[in-house]
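# Secondary and tertiary structure notes
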Amino acid sequence: VLLDEGLVAITPTRVAEVSGVARRTLYRHWPSADELLHDALASASFPTYPRTGHLETDVRAHLEQLRDALQHGPLGAILLALGERAAVDDGMRALRARLVEQGCAPLRSMLAEHGIPPAAVDDLVLELEGPVMTSALVHARPASDALIARLVERVAPLGAPPARQN
C-alpha cells in the first residue's frame with residue numbers, strides 16, 4: 001500500500017482491504033493509524049553491511065547504501081511524503097524525528113567508534129548524509145561516485161582505528 005498508493009493510504013481500513021486481515025485485528029496491533037504508519041515506515045530501512053573497521057571504507061559503503069536506497073527503494077518517496085506531513089502534523093513530526101534518529105544511528109555509531117567527539121559526530125552526519133540526500137530528494141538524481149569520494153575525504157584525517165573492546 002505504501003509503495004503503490006503513498007503515505008496517506010496507510011490506514012487500518014486500507015491495509016485491511018489489501019491484506020485480507022480484519023480491521024479489528026489491525027487495531028489490536030496498531031491502535032492508531034500513526035502507529036501503523038510508524039511500523040510500516042520503520043520496516044523500509046536500507047540494508048546493513050558488515051563493517052571493516054576502516055573508517056573511510058565504512059563511510060563510503062554507508063553513503064553508497066544510502067544513495068542506492070534513495071534511488072532504488074522506497075526511502076526517497078517515504079522521506080518526501082513524511083516531510084510534507086510533518087510540516088502540518090505534530091505526530092508526523094515526532095515520527096520523522098524518531099525515524100531520522102534510527103536512520104542516522106549506523107553512521108553515528110561508526111563515527112563514535114573511531115573516537116570522534118559527540119558534538120563533531122552530529123555535524124559530520126549532516127555533512128556526509130546531507131549532500132547524498134539533497135542530490136536525490138531535491139535534484140532528483142543519485143549522488144555521483146565523485147561526490148561520495150569527496151565526502152569520504154572529509155573523514156580521512158579522522159580515521160584512527162576504533163578502540164578495542166576487552
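Residues numbered from 1 in each chain as written. Predicted model: local features only at pLDDT ≥ 70, side-chain atom pairs only at ≥ 80, totals over all residues. Heavy atoms only, no water.

## A few points about the nonpolar core
With 24 residues, the main nonpolar core has Val59, Leu63, Leu111, Leu128, Val132 and Val155 as its most contacted residues. Secondary structure elements with two or more residues in this core: helix H5 (55-72), helix H7 (90-113), helix H8 (118-137) and helix H9 (145-155). A total of six residues in this core trace back to one element, the largest contributor, which is H5. Not counting chain neighbours up to four residues away, the residues in contact with valine 59 comprise Leu107, Met110, Leu111, Leu128, Val152 and Val155. Listed in part, the 15 residues of the second largest apolar core include Ala16, Leu36, Leu41 and Leu95. (Core = buried A, V, L, I, M, F, W, Y, C linked by side-chain atoms within 4.5 Å. Buried < 20%, exposed > 50% of the residue type's maximum accessible area, 1.4 Å probe, protein only. Helix = DSSP H or I, 4+ residues; strand = E, 2+ residues; numbered from the N terminus. Contact = heavy atoms within 4.5 Å.)

## What about the pattern of salt bridges?
Enumeration over the complete set of coordinates arrives at nine salt bridges. One salt bridge in this structure joins glutamate 113 and arginine 51, with 3.0 Å as the shortest N-O distance. With glutamate 113 in helix H7 and arginine 51 in the loop between helix H4 (33-42) and H5, this pair connects stretches of sequence that are 62 residues apart. Of the residues examined, arginine 51 reaches a relative accessible area of 35% and is grouped as partly exposed. (Salt bridge = Lys/Arg side-chain N within 4 Å of Asp/Glu carboxyl O.)

## Re the confidence of the model for the protein chain
In this model, the protein chain carries an average pLDDT of 85, and 92% of its residues clear a pLDDT of 70 or more. Of all secondary-structure elements in the protein chain, the lowest mean pLDDT belongs to H4, at 75, while H9 reaches the highest, 95. (pLDDT = per-residue confidence, 0-100.)

## Topic: the environment of arginine 60
Of note, arginine 60 is situated in helix H5. Sequence-wise, arginine 60 and leucine 151 are 91 residues apart; in three dimensions their C-alpha atoms are separated by 8.3 Å. The residues touching arginine 60, leaving out its near neighbours within four places in the chain, are Ile148, Ala149 and Val152.

## Focus on helix H2 (residues 12-19)
Residues of H2 that are buried: Pro12, Val15 and Ala16. Along H2, the residues classed as buried sweep out an arc of 105° about the axis, all on the same side. (Arc of directions from axis to C-beta.)

## Comments concerning the environment of glycine 73
You can see glycine 73 is positioned in the loop between H5 and helix H6 (75-86). Spatially, the C-alpha atoms of glycine 73 and leucine 3 are 9.3 Å apart, while their sequence positions differ by 70 residues.

## Focus on the packing of H8 against H9
Packed helix pairs are characterised by how far apart their axes lie and by the angle those axes make with each other. Viewed as axis vectors pointing N to C, H8 and H9 meet at an angle of 175°, and their least axial separation amounts to 10 Å. Considered as vectors, H8 and H9 are oriented roughly antiparallel to each other. Contacts from Leu124, Glu127, Leu128, Pro131 and Val132 of H8 reach H9 at Leu147, Ile148, Leu151, Arg154 and Val155. Looking at the contact of H8 with H9 residue by residue, the classes come out as eight nonpolar, no polar and two charged. (Axes fitted to C-alpha atoms, helices over the stretch in contact; angles between N-to-C directions. Parallel < 35°, antiparallel > 145°, perpendicular 65-115°, else oblique. Nonpolar A, V, L, I, M, F, W, Y, C, P; charged D, E, K, R; others polar.)

## Points about unusual backbone geometry
If a residue is not glycine, its phi is most likely negative; likewise, a peptide bond is most likely trans. Non-glycine residue alanine 140 carries a positive phi angle of around 55°. Within the element layout of this structure, alanine 140 appears in the loop between H8 and H9. With a relative accessible area of 67%, alanine 140 lands in the exposed category.

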